[in-house]
Number of protein chains: 2
Amino acid sequence: MSRVYNYSAGPSMLPLPVLEQAAKEMTDYKGTGMSVMEMSHRSPAYDAIIKEAEATFRRVMKVPDNYKVLFLQGGASTQFAAVPLNLMKTGKADYVVSGEFSGKAFKEAKKYGDVKVIATSENTNFDRIPAFNEADVRPDADYLHVCYNNTIFGTHFNTLPDNGQVDLVCDMSSCIMSEPINVSDFAMIYAGAQKNVGPAGLTIVIIREDLLGNARPETPAMLDYKVMADAGSMYNTPPCYAIYIAGLVFKWVEDLGGVEKMHEINKKKADILYKAIEGTKLFHLHAQPDSRSLMNVTFRTDSPEMDKKFVAAAAERGMVSLAGHRKVGGMRASIYNAMPVEGVEKLAAFIKEFDEKGGEI
Amino acid sequence: MSRVYNYSAGPSMLPLPVLEQAAKEMTDYKGTGMSVMEMSHRSPAYDAIIKEAEATFRRVMKVPDNYKVLFLQGGASTQFAAVPLNLMKTGKADYVVSGEFSGKAFKEAKKYGDVKVIATSENTNFDRIPAFNEADVRPDADYLHVCYNNTIFGTHFNTLPDNGQVDLVCDMSSCIMSEPINVSDFAMIYAGAQKNVGPAGLTIVIIREDLLGNARPETPAMLDYKVMADAGSMYNTPPCYAIYIAGLVFKWVEDLGGVEKMHEINKKKADILYKAIEGTKLFHLHAQPDSRSLMNVTFRTDSPEMDKKFVAAAAERGMVSLAGHRKVGGMRASIYNAMPVEGVEKLAAFIKEFDEKGGEI
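A brief structural summary.

Reading guide: rules and limits
- Residues numbered from 1 in each chain as written.
- Chains lettered and ligands numbered in written order.
- Predicted model: local features only at pLDDT ≥ 70, side-chain atom pairs only at ≥ 80, totals over all residues.
- Heavy atoms only, no water.
- Least-squares fit on C-alpha atoms with pLDDT ≥ 70 in both.
- Contact = heavy atoms within 4.5 Å.
- Axes fitted to C-alpha atoms, helices over the stretch in contact; angles between N-to-C directions.
- Helix = DSSP H or I, 4+ residues; strand = E, 2+ residues; numbered from the N terminus.
- Parallel < 35°, antiparallel > 145°, perpendicular 65-115°, else oblique.
- Nonpolar A, V, L, I, M, F, W, Y, C, P; charged D, E, K, R; others polar.
- Left-handed = near helix turned anticlockwise from the far one by under 90°.
- Buried area = accessible area lost by both parts, 1.4 Å probe.
- Salt bridge = Lys/Arg side-chain N within 4 Å of Asp/Glu carboxyl O.
- Polar contact = N/O pair within 3.5 Å; in protein donor to acceptor, adjacent residues only side chain to side chain.

### Remarks on the relation of the copies chain B and chain A
Point 1. Superposing chain B onto chain A takes a rotation of 180° combined with a translation of 0.0 Å along the rotation axis, leaving an RMSD of 0.0 Å. Here the two chains are linked by the operation of a two-fold rotation axis. Judged by C-alpha distance, B:Ala23 is the residue of chain B that lies nearest the rotation axis, at 2.2 Å.
Point 2. A shared binding surface is used by both copies, with 98% of the interface residues of chain B retained as interface residues in chain A.

Written out as structure tokens, the structure reads:
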């Protein structure tokens, strides 16, 4: 078996030990005589799996006791509706549009109330986190919504957003567990699993308890945070297998030294890659220096043909899924938690080689 | 490794060859160097997986060309809201309440319009499919909603519901692919995967194309069938791994002879079990003869203590998850497609033995 370095933006690489354990336990989980996929979600064996997953996640993320952790379905895109349906009590919310998904979140929220874009970097093709401060936030807004890491454009909030007196709601899909954060700075955090957590089909919500119970009457029960919190994420059958895999990933992060250690490794990885790209004549970075993401590195040459050549040549060398999103073009290397340092070093060396040969590879 | 016979109502048994293949392909799917879990949903490898899954499902279920097949998240419970949000054009819908989940579907639909229960068997604890006919259906209702197989109570529509001129919407979560059905008899069919299809976290929708595009303005984009149909179920990242497993299950059904053959085996299995129970002094069946399910067999003794003893003694013998739902009590043997005939024979033999020994086992 020959594993590749997979720079996909999501779904993306998972830790190999997690996959190996999942394979080993596939037909008989710890002597139960069945797969985790076959297990009743109400069984003691599965109850232990979901409880341990939540407990590990809480430790790793240092989630305070007054926050609920929910394991949901539907991806961040479902949260784009669930957030206003649950939190827009007075009918006003502010959004920072720093990329594709925060734009989609804003558009979806418009269905439910008076939403306002208080800052955007659209005019520079989202190459930075737009500047704004507390004064830009409407004081009577129910919340301020931001996307912490913009997967497509490769940018990241490198300072905490100035949310003033209003609650801060944050999409952390592409950076959760990649760096230490102070959960108490946020009213709510949500993240699709398929980047740093586990398989697609699981969404994690961390929400302050006092925000529960205000869902609008048209809210589907499955999108009502209180319904899900009261049922311990089991109002209906949860995405059991994805939660099991996520639990193994949480444990992997914890055993490795937690998000603090993860952050150290991620900074090292990103540093290797950004420095390598900056040292070339052919390649340019998309994101502005103070907004750069540790997770998604966006870069390009001056020629779409050269970009294609680079992506194809890298794939031949076992480095795959490097094509950038069509809204940015060029290349994107997603180097989430599970991407080993060696994968980044190999890519950096290839960037250097490609540059030195002027693309004649 | 010692596999058990698992009579769980869902999640439930999967075909062993499917699990074995999944284990084998876990760290390297067909030479791609990655797990299906790690694969971009936009990659050619994944595109082939989802397209083949849909094509196989369409063949197995004989889905006509004017119906879309959608792979969604959120379980049948999310459909309880999505159905009225998408289909309640004039604001009226009729429901048959034949069990727990059709009751929940009705309750959820009440949020969105004028919904009416046209028939229910609640007064006999849902031991039968309630009688009704075309005349009971309001002619101006947008649809009639039924649940084809009631997992908790062990009942099943053994004749096609009389829906008159209105569209028939059907929850087939616990019987999809267990018997041939004529898709054209239904406007829409939906099913959570975790009984006959694959892992929890995937929901299949089969919907007639002319019903798309009428979603109410408050519909979350992720619950809008047209949005999902237009995007080929990839408006956002789908539950990729669950779809992959479902694709393997579809192939397993097809290779085995399709739903016609499956139905033959399922009738045989149910017959063995119902006859065994009917032949005892201790055990009684919950469901009335003309409403009996091939998938969920509900039975009990006259004593809750004896029931517990039976469930525990069966578990010791490798037959697990036989406790009935608290709304019925007693036992429930869920014998979905993946339950082998041997599992049913073993259970039938044990029922006979337990009865002959008067429970002194």
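### Describing the packing of helix H6 (residues 240–256) of chain A against helix H7 (residues 258–278) of chain A
All names here are of chain A.
Point 1. Where H6 meets H7, the closest approach of the two axes is 7 Å, and the angle between their N-to-C directions is 80°. It follows that H6 is roughly perpendicular to H7 by the angle criterion. Contact residues: H6 offers Trp-252, Val-253, Glu-254 and Leu-256, while H7 offers Gly-258, Val-259, Lys-261, Met-262 and Ile-265.
Point 2. Residues that form the contact of H6 with H7 fall into these classes: six nonpolar, one polar and two charged.

### Side note on the packing of helix H8 (residues 304–316) of chain B against helix H9 (residues 341–356) of chain B
All names here are of chain B.
Point 1. One way to put it is that H8 packs onto H9 with a least axis distance of 11 Å and a crossing angle of 135°. Judged on the interaxial angle alone, H9 and H8 are oblique. As H8 packs across H9, the resulting crossing turns out to be right-handed. Residues Met-306, Lys-309, Phe-310, Ala-313 and Ala-314 of H8 form the contact with H9, whose participating residues are Leu-347, Phe-350, Ile-351 and Phe-354.
Point 2. For the contact of H8 with H9, the per-class residue count stands at eight nonpolar, no polar and one charged.

### Considering the interface of chain B and chain A
When the parts of a complex come together, some accessible area is lost, and that lost area is often taken as the interface size.
Point 1. Each partner contributes residues to the interface: chain B has 60 residues there, and chain A has 59 residues.
Point 2. Interface of chain B and chain A: buried area, both sides summed, is about 4,300 Å²; carbon and sulfur atoms make up 59% of it.
Point 3. On the chain B side of the interface with chain A, the three residues burying the most area are B:Thr27, B:Met37 and B:Glu38, jointly 15% of the side's total.
Point 4. Applying the counting rule to chain B against chain A returns two salt bridges.
Point 5. The residue B:Glu38 makes a salt bridge to A:Arg3 at a minimum N-O spacing of 2.7 Å.
Point 6. Our count for the chain B to chain A interface comes out at 22 residue pairs in polar contact (both at pLDDT 80 or more).
Point 7. Elements with a contribution of two residues or more to the side of chain B that touches chain A: helix H1 (16–24), helix H3 (75–87), helix H4 (100–109) and helix H6 (240–256) of chain B.
Point 8. In the side of chain B that touches chain A, the residues fall into 31 nonpolar, 21 polar and eight charged.

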